[in-house]
Amino acid sequence: MNKQLRILHFPISFFSIILGLTGATLAFQKAEQVLKIPVSLSSIFLIVTVIIFSAITIIYAIKYFTFRDEVIEEFNNPIKLSFFPTFSISFVMLSIATLGINESLSKYLWVVGTVLHFIFTLKIISIWIHHTHFEIKHMNPAWFIPAVGNILVPIAGVKHFSPEISWFFFSIGLFFWIILLIIFFNRIIFHHPLPEKLVPTLFILIAPPAVGFIAYVKLVGEVDAFARILFYFALFLTFLLFFQVKSFAQIKFYFSWWAYSFPISAITIATILMYHQTEVIAFKYLAFVFLAILSTVVLFLILRTAKAIKMKEICVEE
């Protein structure tokens, strides 16, 4: 019975772990290629990510077939709703991570992830339009997740299919990011601050412009003026959030801490790519700094999450 209760309270946000681990995998893949770091960690990260992704998928599938009403209730929650696309994004990111290893597998993962994410995008935006219970206080950076998923599509998509498909998804993600960014700053400036539990999700603000920079460079093949705007805005947001590190350090551990990992991965990869494209040495040193921060954050999150599971601090009734 205890195991059933743990599954009942198993949150969809568990898939955010996969975003963090796959992001770290991609960061180390890029660092091994461009920065020539002597230690090969990307393969280990990828294997661990696939194992954990499989385990989380199986557990959540059990929850869906055993407690379907609770899953529907979770989907109707204005805050938890935005975490459902982390499942489809996991496929898209794994397709990027396997692109240089097995192109056929990467293509399969990309198709599954892209189709699922398009369905999630249509469904979630439809809910936003026709909702009857959303309030401005429900708006938080997790709402950017569907947009980020669309922006991620071109990174592997340009290799598998017509670039027009990638431009389609990039356009969706980019414009909804801008729309949501305006709404978010209105919410954060003129309304009540985010609840402590959601404060770590502020790091998600980094992801859209950082991922947008990577995807855009993949699409056009160079760092032009628009690419620089995306990169430097992402870099500014990173510095802005690091400037508030004391505030983040005072927050007790929540599962939302995983929101730190993927955005830091995104700005790390973007910085490595910026160095690769421009050969400006400052970007190389900055990339090493971000890579060190990312390694520390991911290792801490893995250990702290394992402790939380052992102490039964998560997968409990809220």
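Attention in this report is confined to the structure presented alongside it. (Residues numbered from 1 in each chain as written. Predicted model: local features only at pLDDT ≥ 70, side-chain atom pairs only at ≥ 80, totals over all residues. Heavy atoms only, no water.)

1. So, unusual backbone geometry
Positive phi, close to 60°, is recorded for lysine 36, a residue that is not glycine. With phi around 60°, glutamate 279 is a residue other than glycine that occupies positive phi space. The exposure class of glutamate 279 is exposed, given its relative accessible area of 66%. (Buried < 20%, exposed > 50% of the residue type's maximum accessible area, 1.4 Å probe, protein only.)

2. Structural notes on the packing of aromatic side chains
Two measures describe an aromatic ring pair: the distance that separates the ring centres and the angle between the ring planes. A full pass over the atoms with the stated rule returns 36 aromatic pairs. Ring centres of phenylalanine 87 and phenylalanine 91 lie 5.2 Å apart, and the angle between their planes is 85°; on these two criteria the pair is classed as edge-to-face. Placement of both phenylalanine 87 and phenylalanine 91 in helix H5 (residues 85-97) is noted, with a separation of four residues, approximately one turn of the helix. Overall, the relative accessible area of 14% leaves phenylalanine 91 in the buried class. When the ring of phenylalanine 144 is compared with that of phenylalanine 184, the centres are 6.3 Å apart and the planes differ by 75°; the resulting orientation is edge-to-face. Placement of the pair is phenylalanine 144 in the loop between helix H6 (103-130) and helix H7 (145-160) and phenylalanine 184 in helix H8 (residues 163-190), with a sequence separation of 40 residues. Residues phenylalanine 144 and phenylalanine 184 agree in their burial class; the two are buried. (Phe/Tyr/Trp six-rings, centres within 6.5 Å; stacked < 30°, edge-to-face > 60°. Helix = DSSP H or I, 4+ residues; strand = E, 2+ residues; numbered from the N terminus.)

3. Brief notes about the nonpolar core
Residues Leu152 and Phe213 are the most contacted members of the largest nonpolar core, which totals 114 residues. The biggest single contributor to this core is helix H2 (residues 16-35), with 11 residues. When neighbours within four sequence positions are excluded, leucine 152 is seen to be in contact with Ile89, Val92, Met93, Ile96, Val211 and Phe262. (Core = buried A, V, L, I, M, F, W, Y, C linked by side-chain atoms within 4.5 Å. Contact = heavy atoms within 4.5 Å.)

4. Let's talk about H2
Between the first and last C-alpha of H2 there are 27 Å, a value that for 20 residues agrees with the 28 Å anticipated at 1.5 Å per step. Where H2 terminates, the next one or two residues include lysine 36, which has phi positive at roughly 60°. (Expected span 1.5 Å × (residues − 1).)

5. Considering the side chain of asparagine 140
When you line up the elements, asparagine 140 lands in the loop between H6 and H7. Reaching out from asparagine 140, the side chain makes a polar contact with the backbone oxygen of histidine 138 at a distance of 3.0 Å. Side-chain polar atoms of asparagine 140 contact the backbone nitrogen of alanine 142, separated by 2.8 Å. Beyond its immediate sequence surroundings of up to four residues, asparagine 140 is in contact with Ile79, Phe184, Leu194, Leu198 and Thr201. (Polar contact = N/O pair within 3.5 Å; in protein donor to acceptor, adjacent residues only side chain to side chain.)

Limitation: the analysis is restricted to geometry and does not speak to function.
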